[in-house]
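Observations on the three-dimensional arrangement
Listed below are the residues making up each chain.
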Amino acid sequence: MKRETLEIIVCPVCKKPLTLIESVERDNEIFSGKLLCENCKVYYKIIDGIPVLLPEKGVKYERN
């Protein structure tokens, strides 16, 4: 996933912007990580450069 995609990608549930956390980048692209919706308190995984933005795949985010 290209970093520029972060400017247009939104939460599939509430349509608020997502924040990239815990990312691994390769060749100027985001290879893996998490996209956090601070409004819904869930994150969506990025797997092999593909954001998995299905509402049923969201994981509750708990800060330690």
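Residues numbered from 1 in each chain as written. Predicted model: local features only at pLDDT ≥ 70, side-chain atom pairs only at ≥ 80, totals over all residues. Heavy atoms only, no water.

Things to note about the pairing of strand E2 (residues 29-37)
Relative to E2, strand E1 (residues 19-26) runs antiparallel, the two sharing six bridges. Within E2, the residue paired with Val-24 across the bridge is Ser-32. From the end of E1 to the start of E2, which pair antiparallel, there are two residues, and Asp-27 there has a positive phi angle of about 50°. Judged from the five bridges that link them, E2 and strand E3 (residues 42-47) form a sheet pairing that is antiparallel. Bridge pairing in E3 places Lys-34 opposite Lys-45. (Pairing = 2+ DSSP bridges. Helix = DSSP H or I, 4+ residues; strand = E, 2+ residues; numbered from the N terminus.)

Concerning the packing of aromatic side chains
Tallied over the entire structure, the rule returns one aromatic pair. Each ring, one from Tyr-43 and one from Tyr-61, has its centre 6.3 Å from the other, and the planes form 90°; the classification is edge-to-face. On the criterion of sequence distance, the pair formed by Tyr-43 in strand E3 and Tyr-61 in the segment after strand E5 (59-60) is long-range, its members being 18 residues apart. Geometry around Phe-31 places Arg-26 over its ring, the cationic atom sitting 3.9 Å from the centre. (Phe/Tyr/Trp six-rings, centres within 6.5 Å; stacked < 30°, edge-to-face > 60°. Lys NZ or Arg CZ within 6 Å of the ring centre and 35° of its normal.)

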